[in-house]
Amino acid sequence: MLDKNITEIKESFYSDIKSVSSIKDVEDIRIKYFSRNGLVSQLFEELKDVVKEEKPILGKKLNLLRNEVTAYFEEVKDRISSSGLNKENKLDLTLPGSEYIVGSKHILTQTLDEIKSIFKGLGFSVANGPELESDYYNFESLNFPADHPARDMQDTFFVSKDFLLRTHTTPVQIRIMEKQTPPVRAIMPGRVYRNEAVSARSYCMFHQVDGIYVDTDVTFAELKGTLVSFAKQFYGSDLKYRFRPSFFPFTEPSAEMDITCYLCHGKGCKICKNSGWLEILGCGMVDPNVFKFVNYDSERYTGYAFGMGIERIALLKYGITDIRIFFDNDLRFLKQF
Amino acid sequence: MKISLNWIKEFVDLSDISTQNIISKLTMSGLEVEDVIDQTNLYKNFIVGFVKEIEKHPNADKLTICKVFDGKDDLQVICGAANVKAGQKVVFAPIGTEIPNGKFLIKKAKIRGVESYGMICAEDELLLSNDHSGIMVLDEKLDSGKSITEALNLNDVILDIAITPNRPDALSHIGVARDLAALFDRDLKIPKIKLTESEEIIQNLAAVEISDPVNCPRYIAKVVKDVRIKESPKWLKDKLEKIGLRPRNNIVDITNLILHECGQPLHAFDLDKLNNQKIVVKSTKSETTFATLDSKERKLPLNTLMICDGKREVAIAGVMGGENSEITESTKNILIESAYFHPSSIRKTSKALGLSTDASYRFERGTDPNITKYAAERCAQLISELADGKVAKGIIDVYPKVINPKEIELRFSRTTQILGYEVIPEKIKNILSRLGLAIKVLEDDKLLVSIPTFRPDIEREIDLIEEIARINGYDNIPTVSKINITLEQKTDETEVDEKIRQTATALGFYEMINNPLQSEEDAALTGNPIKIQNPLSADMECLRTSLLSGALITISKNIRQGVKDLKLFEIGDSFTKTADGEIESFNDFNEKQNLLFVITGNTTSKTWNSEENKSDFYDLKGLVDSFLSKISLDNVLIDSYYSAANVIYDYYLTKNFKEVVLGSGGKLQNEVLKQFDINQDVYGFEFDLTALKSIESKPKSYKEPLKYPKIIRDFAFVLDKSVKYLDVKEFIKKKSSALLKVISVFDVFESESLGVDKKSLAFTLEYFDENRTLTEDEVERDFNNLIILITKEFNAQLRGK
Ligand SMILES: [Zn+2]
């Protein structure tokens, strides 16, 4: 009986001590096995009732057990207490951490970054151009004749008769084509100005990304493919889209690209003016008249161009309802992105 | 532009096509439908009500309790209109009706203690007009309970279409109908002229002379005598009202009808008010004033194209008629003008006068010179029908140089080359014919297309390709799933900007984007600003000359919001004039890219484990230096220090490359800050980024970590306050052995105990060699030597030893 108990308690001890990880666990084991009423002491109590003949053998066995487990217990106890796992610390860990400030890029910059990286992946370069432009680059070379109602589409700030604040980033297309022969594949981000009263929905200055691709065999079908690829990468692969005829003096045929309103999923809401569609960009095949200005042979080369407003994209994406907030630079706004 | 679908259906049969389909086809062919009012749906709940009895509301003077019969029951309805009377037939909105204006639902209501079961409506509530003077009173013969869509013929669909500037032909019902005819492959029916003319010959009644045939290539006159000016018939008034026009009298209404029907603006003169019964078209030779028929005196600039009679001006050509010759109730004889004016002439006049009318809008976009005769005859016909007039025999048509249709060659292969798919030739031919273009087959691949004069926008082959593409539908153009990417070198001109932005944000700066348009005072702070000729307002009349003033505006606004600790940066262009007078070339101004850092308030705020730390000059300097080192320009630029103030800074430093200043910054002057209502210290540093980018940064290469131990020594000296740290450091560098690799300052302090105008500077010196372990002796020798030299050179005293 006792013999069997010795074996059991030995097994139980080793199994218990395996999971010890704190001083409290160690103390629990001490109480369970080595205290006055502990399991080891109880075995010695049981020895009293053993028949005389077996006493020396079992007594010896019991002593061996006690020495073995006590030694192992002490070893574990030392290891636990010296490992530091249990040092009680007086720090109030719930206090807030120290403040480290990492700044951030303006949300419009971040939005532009995303657009840039998609087009760079599609093989586009990135180019800059001046904001203070000549009438020639901003209008004339883009097929806006003087005295044409098309100029009314873009209210312009003039600094002199022939110089103005560019109303779109499209003039950079001309600047690139003047410098380079096809193939030309680039996007042109930048700031543009419109002489429009400042309100929640429009500002006298905003940002655009224009793009152009000119080569042999560039078609409207490729324009569609490229812009659909962009839109799916930017807005999500399950979007629905449509291309609608429109008018820009520098492209022919021209189109506007709409995607299903991602706020109402096409059902119609305030943001999409109940149409279910959101206009995201204008595009078209580069007008042969534009090629004339840069001495490209429009029989040999064809191309497409597109342009989109960055503020509009960011407004929709982040649910911002007042465009002026972008240029207020209120830190409480800047910090959110 | 408002278009009535019922009116459209007079010209093209669309009876089997749903409204939704028509709308979507229009939008998808380039005539974007922006708004739709479907009357049948909008007015489906409204009925004719009969006001049986009325009595005063007991608790409100202005309200009336009406008993309204809805065809079945008598209902109690509270009405607020003054014109409600017993016996009237009215437009009644029963409970559950949505009122079009404001989109609110009629519910059972208790108004001042009396229950009301519906509403009696005014015109504006139904969006029929802006009239809110009283409730609409209907024909008493109408049956109570009848739906008003039937009773009032409100079964139309009104479309608001956005017409792009290239489509003057679509600025009329027939124009839109023509597109629909092509889209649905149907015939276009244009009303035929049925004209009965009198024996009197027009040439005996009036004469026309064009003395400016460039700006007025064609002028047609038609005369109708003995007309009766009166109210138009209901069908005509309805037609105009539905598209938002207010009926005037039968003559004016007829000219408006024709304008919106076929796009030709017409003007009716009172023939008896025309001196010598003569029309002369000429441009003004001096500045004059002219009273238009809206009773306004208009200042006419030189070379304004005018319609004159034998003596004086009678109308501003293509824009608006004059008071002196307008149709009045007593008018008997009429001269109808149907002319073609040169678009840019009308546009100039309209811009100069700031006056845009339905007529000028169309003329400046380009009307059809060859529809003028049709329009004049249709007008004469309608006047004879609706105003009992007698149409004089014949027509006056001054058309010195006939404008003929253009002919353009179209290649099918080019269509495919542009669109990326083949539209079959039969389809192309059909589309073009439906659009009213005449075609002739030249070769297998080629058509000769004759462009009628109502399509001035079609000038080239590419314009025809667009017509084919849009009528056949952009949806039918395939979307490629593969593109070629050439392996030529790609460039990114914004790459450096991105690196700068990343570095700046890592240093804790937030990016601002400020408006480059600012007040002259702010812009003049840092340079000679460029003025906007047509600014929105005085606080946006100049272009910024640096990024500083914009940043100060931002700082000021933030402080007012209670945000006082700021670290901000901006990358943007600045503009300065480099020549006096008008900007005529890119050499007359300088546009460059700048980069600005500004800090103000605390760099660290007071928290439970940190003290607040006010930002200072050294924070600015440290941030700028860390920034430069991150973009690998730290050892390329040289600092210059200025303790005396300039216009912007109390004291500042500049970063220079070979004598050229690339950036400067320091503590902003209080005077400057006051201009922006800022009363806390601000430190700023601005780079000429265009110049900075042009400097080649040092290429990075790997350096092995040191293998041998360093020997470190420090010493401190008491020096005159005027001695500069940098001078001492440079002196040490010059006089020490080559084993001294790093010299840094670890303590600076001033105290009376050091003596008057004295300070203590403490340095740490690091000695090492990449190839061996140094001996204490050789370091000690150099160190002691330095102490002697410094003591002598700077009249210094070694401390603590
Ligand atoms: Zn929506």
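Residues numbered from 1 in each chain as written. Chains lettered and ligands numbered in written order. Predicted model: local features only at pLDDT ≥ 70, side-chain atom pairs only at ≥ 80, totals over all residues. Heavy atoms only, no water.

Student: What's the story with the overall build of chain A in this structure? I'm lost.
Tutor: Scanning chain A from N- to C-terminus turns up 12 helices and 9 strands. Here the C-alpha radius of gyration of chain A, 39 Å, is well above what a compact globule of 337 residues would show, namely 20 Å. Seen through its C-alpha atoms, chain A measures out along the principal axes to roughly 125 × 45 × 45 Å. Intrachain contacts of chain A at a sequence separation of at least 6 include 66% that bridge at least 24 residues. Computing the positive centroid from 44 side-chain charges and the negative centroid from 47, chain A places the two 5 Å apart. (Helix = DSSP H or I, 4+ residues; strand = E, 2+ residues; numbered from the N terminus. Rg over C-alpha atoms; globule rule 2.2 N^0.38 Å. Contact = heavy atoms within 4.5 Å. Lys, Arg positive; Asp, Glu negative; His and termini not counted. Charge placed at Lys NZ, Arg CZ, Asp CG, Glu CD.)

Student: Looking at this structure, how should I read the overall build of chain B?
Tutor: From N to C terminus, chain B includes 21 helices and 44 strands. Expressed as lengths along the three principal axes of its C-alpha atoms, the size of chain B is roughly 130 × 80 × 60 Å. By residue count, 52% of the 801 residues in chain B fall in the buried class. Considering only contacts within chain B whose residues lie at least 6 apart along the sequence, 68% involve residues at least 24 apart. For chain B, the accessible area works out to roughly 38,000 Å², and carbon and sulfur atoms hold 48% of it. Seen as two clouds, the 107 positive and the 125 negative side-chain charges of chain B have centres 1 Å apart. (Buried < 20%, exposed > 50% of the residue type's maximum accessible area, 1.4 Å probe, protein only. Areas by Shrake-Rupley, 256 points an atom, 1.4 Å probe, with all protein chains shown as cover.)

Student: What should I look at first to understand the sheet that holds strand β1 (residues 2–4) of chain B in this one?
Tutor: Pairing between sheet strands relies on hydrogen bonds along the backbone, with the strands arranged either parallel or antiparallel. All names here are of chain B. Pairing within the open sheet is antiparallel, and its 3 strands lie in the order β1-β13-β2. Whereas interior strands pair on both sides, the edge strands pair on one side only; in this sheet they are β1 and β2 (32–38). Adjacent strand axes in the sheet meet at a mean angle of 25° when their direction is disregarded. Two elements, β1 and strand β13 (residues 157–162), share 3 bridges in a ladder whose sense is antiparallel. Opposite K2, over in β13, you have D160 as the bridge partner. Strands β2 and β13 of the sheet are contacted by helix α2 (residues 19–27), whose axis makes an angle of about 160° with β2. (Pairing = 2+ DSSP bridges. Axes fitted to C-alpha atoms, helices over the stretch in contact; angles between N-to-C directions.)

Student: What's the story with the packing of helix α1 (residues 2–18) of chain A against helix α2 (residues 23–34) of chain A in this structure? I'm lost.
Tutor: Helices that pack against each other are described as a pair by the angle of their axes relative to one another and the distance between those axes. Residue and element names in this part refer to chain A. For the pair α1 and α2, interaxial distance at closest approach is 11 Å and the crossing angle is 175°. Regarding the angle of α1 to α2, the classification is roughly antiparallel. For the pair α1 and α2, contact is made by I9, S12, F13, D16 and I17 and by I29, K32, Y33 and F34, respectively. Broken down by class, the residue content of the contact of α1 with α2 amounts to 6 nonpolar, 1 polar and 2 charged. (Parallel < 35°, antiparallel > 145°, perpendicular 65-115°, else oblique. Nonpolar A, V, L, I, M, F, W, Y, C, P; charged D, E, K, R; others polar.)

Student: Please clarify how the packing of aromatic side chains should be interpreted in this entry.
Tutor: Geometrically, a pair of aromatic rings is defined through the distance of the ring centres and the angle of the planes. Evaluated as defined, the whole model comprises 48 aromatic pairs over all chains. Between the aromatic rings of F341 of chain B and F363 of chain B, the centroid separation amounts to 5.0 Å while the plane-to-plane angle is 70°, which identifies the pairing as edge-to-face. On the criterion of sequence distance, the pair formed by F341 of chain B in the loop between β24 (334–340) and α8 (343–353) and F363 of chain B in helix α9 (residues 358–365) is long-range, its members being 22 residues apart. The class for F341 of chain B is buried, based on a relative accessible area of 0%. In this structure F363 of chain B comes out as buried when scored by relative accessible area, which is 2%. Residues F685 of chain B and F687 of chain B carry aromatic rings whose centres are separated by 4.8 Å and whose planes lie at 50° to one another, so their mutual orientation is tilted. Note on accessibility: F685 of chain B and F687 of chain B belong to one class, buried. Sitting above the plane of the F234 of chain A ring, K317 of chain A keeps its charged end 4.6 Å from the centroid. (Phe/Tyr/Trp six-rings, centres within 6.5 Å; stacked < 30°, edge-to-face > 60°. Lys NZ or Arg CZ within 6 Å of the ring centre and 35° of its normal.)

Student: Is there a simple way to explain the domain arrangement of chain A in this structure?
Tutor: Frequently, the measure chosen for interface size is the accessible area that the parts lose on association. Looking at the assigned domains, one finds that chain A contains domain 1 (2–81) and domain 2 (107–334). If you average the C-alpha positions of domain 1 of chain A and of domain 2 of chain A, the two centres end up 83 Å apart. (Domains from an automatic or database assignment.)

Student: Can you walk me through the coordination of the zinc ion in this structure?
Tutor: Between any two of four tetrahedral donors, the ideal angle at the metal is 109.5 degrees; between two of six octahedral donors, it is 90 or 180 degrees. Residue and element names in this part refer to chain A. Bound to the zinc ion are the protein donor atoms C261 (SG), C264 (SG), C269 (SG) and C272 (SG), situated 2.2 to 2.3 Å from the metal. In this structure, the zinc ion is surrounded by 4 donor atoms whose angles at the metal cover 103 to 114°, and the resulting shape is tetrahedral. Within one chain, the residues donating to the zinc ion are spaced in sequence as C-x2-C-x4-C-x2-C. For the pair formed by C264 and C269, the shared burial category is buried. (Donors = N, O, S within 2.8 Å, 3.2 Å for Na, K, Ca; no water. Tetrahedral: all angles 85-135°; square planar, octahedral: opposite > 155°, others 65-115°.)

Student: Looking at this structure, I do not really get the sheet that holds strand β8 (residues 277–286) of chain A. What am I missing?
Tutor: Spatial strand order, β1-β4-β5-β9-β8-β7-β6 (chain A): 7 strands in an open sheet with mixed pairing. Looking at the sheet topology across the chains shown, the edges are occupied by β1 (125–126) and β6 (241–248) of chain A.

Student: I keep staring at helix α7 (residues 250–262) of chain B and nothing clicks. Help me out?
Tutor: Side chains that are three or four residues apart share a direction in an α-helix, a result of its 3.6 residues per turn. All names here are of chain B. The end-to-end C-alpha distance of α7, which contains 13 residues, comes to 18 Å, matching closely the 18 Å that a straight helix rising 1.5 Å per residue would cover. Burial within α7 is extensive, with 12 of its 13 residues counted as buried. Every buried residue of α7 is accounted for by N250, I251, D253, I254, T255, N256, L257, I258, L259, H260, E261 and C262. Measuring from the side-chain oxygen of the N-cap residue of α7 to the backbone nitrogen of I251 gives 3.1 Å; that N-cap residue is N249. G263 sits one or two residues past α7 and shows a positive phi near 90°. (Expected span 1.5 Å × (residues − 1). Polar contact = N/O pair within 3.5 Å; in protein donor to acceptor, adjacent residues only side chain to side chain.)

Student: Is there a simple way to explain the interface of chain A and chain B in this structure?
Tutor: Listed by partner, the interface residues are 95 residues for chain A and 87 residues for chain B. Of the roughly 7,700 Å² buried at the junction of chain A and chain B (both faces included), carbon and sulfur atoms supply 55%. Our count for the chain A to chain B interface comes out at 7 salt bridges. Between E299 of chain A and R411 of chain B there is a salt bridge whose closest N-O contact spans 2.8 Å. Where chain A packs against chain B, one counts 44 residue pairs in polar contact (both at pLDDT 80 or more). Partitioning the side of chain A that touches chain B into residue classes produces 45 nonpolar, 24 polar and 26 charged. (Buried area = accessible area lost by both parts, 1.4 Å probe. Salt bridge = Lys/Arg side-chain N within 4 Å of Asp/Glu carboxyl O.)

Student: I would appreciate a short explanation of the domain arrangement of chain B in the present structure.
Tutor: Segmentation of chain B into domains returns domain 1 (2–40 + 157–183), domain 2 (44–151), domain 3 (197–398), domain 4 (406–474), domain 5 (495–694) and domain 6 (711–798). When each unit is reduced to the centre of its C-alpha atoms, the spacing between domain 3 of chain B and domain 6 of chain B is 96 Å.

Student: What am I meant to see in the pattern of salt bridges here?
Tutor: Where charged atoms from two side chains of opposite charge approach closely, those side chains can pair. If you walk through the whole model with that rule in mind, you get 78 salt bridges over all chains. K317 of chain A serves as the salt-bridge partner of E114 of chain A, at 3.1 Å between the closest nitrogen and oxygen. Within this pair, whereas E114 of chain A is found in helix α5 (residues 107–121), its partner K317 of chain A is found in helix α10 (residues 310–318), the two being separated by 203 residues in sequence. With a shortest N-O distance of 2.5 Å, K120 of chain A and D492 of chain B are connected by a salt bridge. You can see K120 of chain A sitting in helix α5 and its partner D492 of chain B sitting in the loop between α13 (461–472) and α14 (495–506), one on each of two chains. Take D492 of chain B: its relative accessible area is 13%, and that puts it in the buried class. Counted as one network, the salt bridges with shared partners bring together R167, D169, D179, R455, D457, E467 and R470 of chain B.

Student: Explain the nonpolar core to me, please; I cannot follow it from the model alone.
Tutor: The tendency in soluble globular proteins is for nonpolar side chains to be buried as a group. One finds F119 and F326 of chain A together with L180 and L552 of chain B to be the most contacted residues of the largest nonpolar core, which totals 170 residues. For this core, the leading source of residues is helix α8 (residues 220–235) of chain A, giving 9 residues. Counting 37 residues, the second largest nonpolar core, distinct from the first, contains L205, M320, F341 and A392 of chain B. (Core = buried A, V, L, I, M, F, W, Y, C linked by side-chain atoms within 4.5 Å.)

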